Amino acid sequence: MLRVEMNPSTYFVNSPDTSEGESHLKTSNYEKTVQQLDIYYGTVKRQLLRYQSCSTGLFPIMSNDLTIGSVRDSIYCAAAVWSLYQAYRRIDDDRGKSYELGQSAVKCMRGILVCWIKQASRVEKFKKNQSLKHALHCKFHLMTGAEVYTEEEYNHLQIDVVSLYLIYLVQMISSGLQIVYTKDEVTFVQNLVYYVERAYRTPDFGMWERGTRYNDGSPEIHASSIGMAKSALEAINGCNLFGEKGASWSVVYVDIDAHNRNRSIFETLLPRESSSKEIDVSLMPTVSYPAFGTHDEHLLAETKKSLLTLRGTYGFKRFSRDGYKCPLEDPCERFYKEGQTKEFEGVECEWPLFYIYMIIDGVFRNLPEQVEEYQNLLQPRISTDSHGDPVIPMYFSVMPGYEDAEKADPGSQHRRGAPSNGYHLWSQALFVIAQLLTGGLLHINELDPIRRYLPSYNRPRKAGRYSAFQGIATDLVVQVVLIAESARLQAMMGTYGIQTQTPHEVEPVQICSSSQLVKIYQHLGVNKKLGLEGRPSRPIGALGTSKIYRVSGKTVLCYPLIFEVSEFYLYRDMALLIDDIKTELQFIGRYWRLSGRPTACLLIREEHMRDPQFKEMLDLLAMLKKGYCDGLKVRVGRLQNLISSSCIEHLDFMNKIEDDVEIKPFKQIEHEYIGYQSLTDVPRVLEYSETERDISNFDDRPTWDIVEAIRNTDGIYAKSKLIGVLLKREGPHYEYSGLTVREHLRGLYHHAGCLHCWQVVRYCSSLLGHTVDSISPFITAVLVHGKQIAVGVPGEQETVFDKPLTPAEIQKILYSTVQPFDVIGAVLQQEVVFYCGRLIGTNPKLFSGILKIRVGWVLEAMKIYLQLKKSSRPLEALSPREVRQVLHKVLSVKDWARQERLPTLVRRKLEGCLCRVPQGFYLQVFKFISESVFVINILCQRCGM
């Protein structure tokens, strides 16, 4: 029958440039098209719509399940029904079938939305703390939509499911279907965006609902979940949920920096799926249809090559040592025992579903040979039901009792399909889509209206005033606006040929801190009825601050985080700021994907020009003026001249906010006298030094003696140590001289910062409990590169970071593990973690041979290097930039050791502190142990043991 037989000779592929009209003309004739569509309509009615819940609109996993509705399977079923709806729209008289199919898809998508809206409180909690117990459910009662499994009974945290829903929601709305009806639903979908934004740092249970390969109830970071989230964020950004007739307040906004973190970590992980799974077939729908998560040809080819290692004669294995539905698996046990997965190696089930994915992939990529190959592989695996409709088994497993034979000779044993007591709806749905595509009844542009299959720069430009991921393929130009804090600073900069503008000169455009933007975005997605509080208070990154914003009739340009006066001391180092400006501009140039040019605001403060390294800043600005920054094209100009070519984001949702939101612009400093004409007129920060003083004898002295000593001590380092003794004894709220201990400490911290006395700065910062701004993404960056981080003092207990943590958790660990033994170490280790997170993203080779970055020992290596160079200052007295340079030098020891004739013993000490091992070391150890175990087993057998 036509529905079963997949004859390659009938295969039809349209090139991406072929219009839908031309595709229609290439079908044999109108009557045949109608006949074929009617056949698929009957199949869809019998195999899919028959099992759609009449009350919730959900679908089960298997057609014989009358209780549990699965969100993932429901989405794919809705996609198949919608695909047939799209195909029927070509026909002049479809006898109402197109409308029926469209509404069935709408019913399913709305059913999922309604089920999730009932769990709005979970979304709100999850935004603040990505905990398993706050996850949206992925299984509901088929008839009532009620919760059916608790968090203890089922692994609900599957970020890819929510992302998949968002992708298809946008696709269907773009095709003209009305799925979202009310403002409440709009705000909820906006909160679903917040739900998936942090996929890059949220361990979940993945597509297979089991977490790690070991199935022990532990979640882990999955590339498939991150990639799906990245695609969802791209798809839904700027989407009007009410379609073409939507209002300004029904538009969804996406944090471009959150998207970029997901993108960079996803592409870093590829082709690997997770820490425990080197390759997983769940990456197939992530890198290909429906997500199209990457358009990097190299990554795509490498991932596809890896996926093919899972291919069998009956289908694809999900991943190595997958025990699901294997005859050796105990169906009564939810979790596996330690080491049990070894039993399943070589006898994993094979899923023909992924042959279908490869067919669809071949159609989208115009690879007819691939399509034909997988059609031929799939054909013998298809059976028929009583109506003659094709049936795709869920999986094929090795026959019980033949496991050893299959392990001994892979592929030698016959496999049986899953019990034929119902349809696997996911497989049936994908098969319908594949058949419509290969039969020429559905064009790829109809299946993918938003053109996810194309790189962003090749997609049609979106109409409207909202930003979209539509970056250009040519070299990008980053626009730079130089803002001087005062007219006096502007005049002084002008003497060096650096033209700047003051905040007054750019009016009516307002220059603002990115924290003001955070405050504005907190109103996006607020819904009191649902208990939703809008966007979490997360910082806006470099890409977000490179847009110009229209807010309530005002035009706003924000300066990046690196110019913020932060609680942590890194911002006080001018040399580090210069490096960060270069890094920031390079970052923007490399990852900008929005329409319009990015506009970076560089804020120059008066305190900068008092820094000894301000001349380096002038050199940087002079370089930017020439139009380049380390190879990146830049354009420095007046803001008024750059606005027309800038990326402009219209925050129209603010027009509906009842409360007045005050935007506090950056205040220009006013001076009666212009003053400085050149750098020689500017008073410089003097180098500070003091003789170290022993204060150990104050530990047993009375409090009033310590207070008196503080008053009589001029040296700020000795004073900081004495305040530390007082803090430990009396606490932060103890008062003397009219101020609390904490207030005295804070004042000393700022005074030492002005003097660039870094040892005192770090000591006070630690006592004040400071944490590096946005340290979590940098820890995550290290983790996704397959490394772990251990913090602690050598010789004492260490704490290992093997999963992403919140800033509060990181602070608690550092100050409980490190500070009791090394006060300055509590902040110095944060610096090292911060720098490692940056370096591993730009130069991962520095960390080759290192599995665990033991930060305490890394600091020891840095101290050894300083001793080698006979440095007159200890590590803690170096500036942040110098610390970063020493770290880079230590990590790259193998590159310069021979050239600088480094003694072998010293090099071994450095490599030992870094815990670096030779290439292939762990593989050789594993091989040695495996061979040893094999020999021992043989000896035991011979001895009868």
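What counts, and at which threshold
Residues numbered from 1 in each chain as written. Predicted model: local features only at pLDDT ≥ 70, side-chain atom pairs only at ≥ 80, totals over all residues. Heavy atoms only, no water. UniProt positions renumbered as here; feature names shortened; annotations may be inferred. Buried < 20%, exposed > 50% of the residue type's maximum accessible area, 1.4 Å probe, protein only. Helix = DSSP H or I, 4+ residues; strand = E, 2+ residues; numbered from the N terminus. Arc of directions from axis to C-beta. Contact = heavy atoms within 4.5 Å. Polar contact = N/O pair within 3.5 Å; in protein donor to acceptor, adjacent residues only side chain to side chain. Core = buried A, V, L, I, M, F, W, Y, C linked by side-chain atoms within 4.5 Å. Pairing = 2+ DSSP bridges. Axes fitted to C-alpha atoms, helices over the stretch in contact; angles between N-to-C directions. Phe/Tyr/Trp six-rings, centres within 6.5 Å; stacked < 30°, edge-to-face > 60°. Lys NZ or Arg CZ within 6 Å of the ring centre and 35° of its normal. Salt bridge = Lys/Arg side-chain N within 4 Å of Asp/Glu carboxyl O. Parallel < 35°, antiparallel > 145°, perpendicular 65-115°, else oblique. Left-handed = near helix turned anticlockwise from the far one by under 90°. Nonpolar A, V, L, I, M, F, W, Y, C, P; charged D, E, K, R; others polar.

An unreviewed UniProt entry lists the protein chain under the name Phosphorylase b kinase regulatory subunit, with Cloeon dipterum as the source organism. Under the UniProt heading Sequence similarities (unreviewed entry), the note attached to the protein chain is "Belongs to the phosphorylase b kinase regulatory chain family." The UniProt entry for the protein chain carries the following comment under Subcellular location (unreviewed entry): "Cell membrane".

A. How the structure looks around helix α33 (residues 904-914). Buried residues of α33: V906, L910, E911, C913 and L914, and no others. Buried positions in α33, seen along its axis, are confined to an arc of 160° and lie on one side of it. Residues of α33 that are exposed and point more than 90 degrees away from the buried face comprise T904, L905 and R908. The secondary structure elements touched by the buried residues of α33 are β23 (852-854), α30 (855-868), α31 (880-891) and α32 (893-896). At the C-terminal side of α33, C915 shows a positive phi close to 60°.

B. Quick look at the side chain of H424. Tracing the sequence through the fold places H424 in the loop between β8 (415-417) and α15 (425-438). Only 2.7 Å separates the side chain of H424 from the side chain of S427, close enough to count as a polar contact. Residues contacting H424, with those up to four places away along its chain left out, are I61, M62, D73, W351, I392 and M394.

C. Spotlight on the environment of R881. Position of R881 among the secondary structure elements: in helix α31. Since its relative accessible area comes to 19%, R881 is described here as buried. Remark: the alpha-carbon pair of R881 and D579, spanning 302 residues in sequence, is separated by 8.5 Å. Setting aside its immediate chain neighbours within four residues, R881 contacts D573, A575, L576, D579 and E616.

D. View of the nonpolar core. Of all hydrophobic cores here, the largest spans 143 residues; its most connected members are W116 and Y165. Examining the composition of this core, we find that 13 residues originate from one element, helix α3 (residues 71-88), more than from any other. Ranked by size, the runner-up nonpolar core spans 86 residues in total, among them Y717, V741, V833 and V855.

E. Just the pairing of strand β13 (residues 548-551), in detail. For β13 and strand β14 (residues 554-559), the ladder comprises four bridges, and the chain directions are antiparallel. Across the sheet, the residue bridging to Y549 is V556, located in β14. In textbook terms, the turn of a hairpin is the stretch between consecutive antiparallel strands, and for β13 and β14 this stretch comprises two residues, one of which, S552, has a positive phi near 50°. In this sheet, strand β18 (residues 648-650) lies alongside β13 in parallel orientation, the contact comprising three bridges. Within β18, the residue paired with Y549 across the bridge is E649.

F. Quick look at the sheet that holds β18. Reading across the sheet, the four strands line up as β10-β14-β13-β18 and stay open at both edges, with mixed pairing between neighbours. Only two strands of the sheet have a single partner each, and these edge strands are β10 (510-513) and β18. The sheet shows a mean angle of 35° between the axes of neighbouring strands, direction not considered. Strands in contact with helix α18 (residues 514-521) are β10, β13, β14 and β18; relative to β10, the strand with the most contacts, it is inclined by about 85°.

G. Molecular detail of the packing of aromatic side chains. For the structure shown, the criterion picks out 35 aromatic pairs. Measuring from ring centre to ring centre gives 6.2 Å for Y41 and Y88, while their planes differ by 85°; the resulting arrangement is edge-to-face. In this pair, Y41 sits in helix α2 (residues 30-47) while Y88 sits in helix α3, placing the two residues 47 residues apart along the sequence. By relative accessible area, Y41 is classed as buried at 14%. For Y88, a relative accessible area of 1% translates into the label buried. Considering the side-chain rings of F364 and Y453, the 5.5 Å spacing of their centres and the 50° angle between planes classify their relative orientation as tilted. Taken together, the residues F364 in helix α12 (residues 353-364) and Y453 in the loop between α16 (444-447) and β9 (477-484) connect sequence positions 89 residues apart. The residues F364 and Y453 share a single accessibility class, namely buried. The ring centre of Y41 lies 4.8 Å from the NZ or CZ of K97, which sits over that ring. For the cation-ring pair, K277 lies above F319, with the distance from its terminal atom to the ring centre recorded as 4.9 Å.

H. Summary view of the pattern of salt bridges. Following the criterion strictly, the structure yields 50 salt bridges and no others. Here E485 makes a salt bridge to R605, at a shortest N to O gap of 3.8 Å. Of this pair, E485 sits in the loop between β9 and α17 (487-494) while R605 sits in the loop between β15 (599-604) and α20 (606-609), and the two are 120 residues apart along the sequence. For the pair E485 and R605, one class covers both residues: buried. Connected through shared salt-bridge partners, D579, D580, E616, R838, R881 and R884 make up one network.

I. Expanded view of the sheet that holds β15. Here four strands make up an open sheet; going across it, the order is β15-β9-β17-β16 and the pairing mixed. Both edges of this open sheet fall to β15 and β16 (628-629), since each of them pairs with a single strand only. Across six bridges, the pairing between β9 and β15 is parallel. Residue pairing in the sheet places V480 in a bridge with A600 of β15. Most of the contacts of helix α19 (residues 574-591) go to β9, to which it runs at about 145°, and overall it touches β9, β15, β16 and β17 (632-636).

J. Local environment of the packing of α12 against α15. For the pair α12 and α15, the least separation of the axes is 9 Å and the interaxial angle reads 30°. Taken as axis vectors, α12 and α15 run roughly parallel relative to one another. Seen from above, α12 lies across α15 with left-handed handedness. Of the residues in α15, those in contact with L353, I356, Y357, I359, I360, V363 and F364 of α12 are W426, S427, L430, F431, I433, A434, L437 and T438. Class assignment for the residues of the contact of α12 with α15 results in 13 nonpolar, two polar and no charged.

K. The environment of V925, seen in detail. Here V925 is to be found in helix α34 (residues 921-943). Considered as a pair, V925 and Q899 are 26 residues apart in the sequence and their alpha carbons are 31 Å apart.

L. Focus on the packing of α19 against helix α21 (residues 614-625). Interhelical geometry of α19 versus α21 gives an angle of 20° and a closest axis separation of 9 Å. The orientation of α19 with respect to α21, classified from their angle, is roughly parallel. The element α19 and its partner α21 pack so that their crossing is left-handed. Between α19 and α21, the contacting residues are M574, L577, I578, I581, K582 and L585 on the first element and F614, E616, M617, L620, M623 and L624 on the second. In the contact of α19 with α21, the residues fall into ten nonpolar, no polar and two charged.

M. Structural context of the side chain of R122. Here R122 is to be found in helix α5 (residues 120-128). When its relative accessible area of 14% is taken as the criterion, R122 is described as buried. Of note is the side chain of R122, whose polar atom sits 3.2 Å from the backbone oxygen of A135. In terms of polar contacts, R122 uses its side chain to reach the side chain of E151, at 2.7 Å. Contacts of R122, omitting those with residues within four sequence positions, involve K133, H134, A135, H137, E147 and E151.

N. Fine view of the environment of S456. Relative to the elements of secondary structure, S456 occurs in the loop between α16 and β9. As a C-alpha pair, S456 and E234 span 222 residues in sequence and 9.2 Å in three-dimensional space.

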